[in-house]
Amino acid sequence: MEDHSTGEARVRLSGEDLTFWWLDSPMQPTTMAMCLVLDRSPEDRRLRHAFERAIAAVPRLRQRVVDAPLDITLPHWELDPTFDLDYHLRRHALSGEHDLEGLFRHISPTYETPFDRSRPLWEARVYDGLAGGRAALFFKLHHAVADGVGGNAIFAALTDWEREPRDEPPAVTLPAEKGHWPEPPSLVARLADAVRDRIEVEIERARAVGSVLLDTAMHPERIPQALAALRSLADALRFDSGSGLQGFGRARRLTGLTLPFATVRELKRALGGTMIDTVLTVMARAMGAWHAAHGLHAVRELMTLVPVNLRKPEEWVDRAHVGNVATGLLVPLPITIADPLDAFREIRRRVEEKKADPASGATPMLTEILSVLGRQLVTWMGEATFGSVNFIVTNVPGILATRYLAGAEIEAAYPFAPVAVRSPASVALYGYRDRLFIGLDADLATMHDVDDFKQMIRDAFGELAQAAGIGRPEPEAATG
């Protein structure tokens, strides 16, 4: 389909992208972010060039979402004719606390502020004045644009392998004129376009349904698998932890911590499981300690959403594309098992069980099917799913080599993911250089003591490492 105002092809949002677009609201923002700590302030000219280069490599950064009149058809991505890089990229000087925690307090209100939905769905802010001459870049992105792995495409396009690269790639030439609204197509033309597109959608869906029916007729043994997937999803939606995490506020508190990657890898090898098994065990024990500290001793399990990337490993960084290509495991995590090794074994068993569950691979197909049924049904399904979630843990494959931004070395990379309606916090993990960076997004209405929870994560990691026979790691050094 063509955008008549620009001549550019318009692309419909995928089913998974639509879920985040339609579910987003002031009460349930679907914003993800990354905070990069830099060894010095990035150079203005080179920083602008880096973003122009990223926009050329990832055109979605210059696109906005346009809803069809009367929701006749699905929303589309199209170029923003009023795109203004100076709106999306801004600089600030820190005041007050100049350490890392002071920075996190500065960026928390920025993180919770909704996007202007008439513009491309991202913002980047440079903060000068960190202790020791450091600076930071806070980059926030609507989840409809990309998942965590898709965000690596932006990270790779924005940064360099060297502080002073010999050959800088050319940047895209952006329009110099700011804020000029083009003459919009008439309502009649927009309606006609929307009707044509809806007909195309219905034809595509009819073909897809026909293909599914034919495949079912040829492989009737798959019917029980589909029914099992629906039963599993229904069971997850009925889950009630009884944790009492009913409060939900708008204020967010961002903070972070790091774990040494060498110790994390050694622990994974000693336990004989996967990275996510190890991480979930640490987080489950920390959540158990937090509930105990609040007198919530009757809570035995928390429903935990664990996003799982569906891209191939070679597509994680340089060949990654934006958009959402993932599914989610809904894992009821036990939080009261006393022995760390017993907790690990039980959590590993549950994760493997969920990976084999037919429902775990059904998310992309379900979102595509639901998208054609309309905004209300998708929103209801999303709210029902997130309403059963108490905790989110997401692990994004990182870039383990040093990267540079406009002449500044990136020393730390803290990721942040949105919380669910009944979740006190979400935990996002990102591996960079020799550290595992952990970003905590806490809802202050339910977890005002996020600094205590941060210490509980450190304690849980130390206990698991000691139980596995590798000893407690040294306390982390402050970054920034």
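Quick look at the structure, then. Keep in mind that this is a model prediction, so the values were computed, not measured.

Moving on: the overall build of the chain. A tally of helices and strands in the chain yields 13 helices and 15 strands. Here the chain, with 480 residues, has 52% of them falling under the buried criterion. The contacts of the chain with a sequence gap of at least 6 include a subset with a gap of at least 24, amounting to 80%. Approximately 20,900 Å² of the chain is accessible, and the part contributed by carbon and sulfur atoms is 57%.

Moving on, we come to the sheet that holds strand 3 (residues 63–66). In a beta sheet, neighbouring strands pair by backbone hydrogen bonds and run either parallel or antiparallel. Sheet architecture is open: three strands sit in the order 1-4-3, paired in antiparallel fashion. Each edge of the open sheet carries a strand with a single partner, namely strand 1 (11–12) and strand 3. Sheet analysis places strand 1 next to strand 4 (residues 76–79), joined by two bridges and oriented antiparallel. Bridge pairing links V11 to W77 in strand 4.

This paragraph deals with the pairing of strand 7 (residues 134–142). Counting buried positions along strand 7 gives eight out of nine residues, so the element sits mostly inside the fold. Pairing of strand 2 (residues 31–38) with strand 7, which is carried by eight bridges, proceeds in the antiparallel orientation. Its bridge partner being in strand 7, A33 is matched across the sheet by K140. Direction of pairing for strand 6 (residues 122–130) relative to strand 7: antiparallel, over a ladder of eight bridges. The residue of strand 7 that forms the bridge with V126 is L137.

One pass over the full model with this rule turns up 31 salt bridges. When the shortest N-O distance is used, the salt bridge between R53 and D160 registers 3.1 Å. Here the residue R53 occupies a position in helix 2 (residues 44–57), and D160 occupies one in the loop between helix 5 (148–158) and helix 6 (187–218), the gap between them amounting to 107 residues. Like D160, R53 is buried.

Tallying each qualifying case throughout the model produces four cavities of 30 Å³ or more. If you add up the space inside the largest cavity, you get close to 60 Å³. Considering the residues around the largest cavity, the lining is formed by Q28, P29, T31, Y111, E112, R252, P418, V419 and D441.

With that settled, the discussion passes to the packing of aromatic side chains. Applying the stated criterion across every chain yields a total of nine aromatic pairs. Here the aromatic rings of F51 and F139 are separated by 6.4 Å at their centres, their planes lie at 15 degrees, and the arrangement is stacked. Taken together, the residues span a long stretch of sequence, with F51 in helix 2 and F139 in strand 7 at a distance of 88 residues. Exposure class is identical for F51 and F139. Each is buried. Here the basic side chain of R265 rests over the ring of F261, its NZ or CZ set 4.4 Å away from the ring centre.

Before going further, it helps to examine the sheet that holds strand 2. With mixed pairing, six strands are arranged side by side in an open sheet as 5-6-7-2-13-12. The sheet is open, and its two borders are formed by strand 5 (89–93) and strand 12 (404–405), each paired with just one other strand. Inspection of the sheet shows strand 5 paired to strand 6 by five bridges, in the parallel sense. Counterpart to H92 in the pairing with strand 6 is Y127. Docked against the sheet, helix 2 engages strand 5, strand 6, strand 7 and strand 12, running at close to 145 degrees with respect to strand 5.

Before going further, it helps to examine unusual backbone geometry. Glycine aside, a negative phi is what most residues show, and trans is what most peptide bonds show. Despite not being glycine, A406 shows a phi value in the positive range, around 50 degrees. Overall, A406 belongs to the buried group, its relative accessible area being 3%. Phi at R433 is positive, roughly 55 degrees, even though this residue is not glycine. Take R433: it is sitting in the loop between strand 14 (425–432) and strand 15 (435–443). Residue class for R433 comes out partly exposed when judged on its relative accessible area of 24%.

Here we take up the nonpolar core. By size, the foremost hydrophobic cluster in this structure holds 66 residues, and its most contacted members are F51, L103, W122, F138, L405, Y414 and F416. Ranked by the residues each element gives to this core, the list is headed by strand 2, at seven residues.

What follows deals with helix 4 (residues 100–112). With 13 residues, helix 4 should reach 18 Å at 1.5 Å per residue; the first-to-last C-alpha distance of 19 Å fits that figure. Of all bends in helix 4, the biggest is about 25 degrees, found at H106, and the proline P109 comes one to four residues later. What helix 4 keeps buried is the set L100, E101, G102, L103, F104, I107, S108, T110 and Y111.

Reading guide: rules and limits
- Residues numbered from 1 in each chain as written.
- Predicted model: local features only at pLDDT ≥ 70, side-chain atom pairs only at ≥ 80, totals over all residues.
- Heavy atoms only, no water.
- Helix = DSSP H or I, 4+ residues; strand = E, 2+ residues; numbered from the N terminus.
- Buried < 20%, exposed > 50% of the residue type's maximum accessible area, 1.4 Å probe, protein only.
- Contact = heavy atoms within 4.5 Å.
- Areas by Shrake-Rupley, 256 points an atom, 1.4 Å probe, with all protein chains shown as cover.
- Pairing = 2+ DSSP bridges.
- Salt bridge = Lys/Arg side-chain N within 4 Å of Asp/Glu carboxyl O.
- 1 Å grid on protein atoms, 1.4 Å probe; cavity = no way out; pocket = protein on both sides within 12 Å on 5 of 7 lines; lining within 4 Å.
- Points joined across faces, edges and corners; volume = space filled by probe spheres on them.
- Phe/Tyr/Trp six-rings, centres within 6.5 Å; stacked < 30°, edge-to-face > 60°.
- Lys NZ or Arg CZ within 6 Å of the ring centre and 35° of its normal.
- Axes fitted to C-alpha atoms, helices over the stretch in contact; angles between N-to-C directions.
- Core = buried A, V, L, I, M, F, W, Y, C linked by side-chain atoms within 4.5 Å.
- Expected span 1.5 Å × (residues − 1).
- Bend = angle between axes of the 7 residues up to and from the residue.

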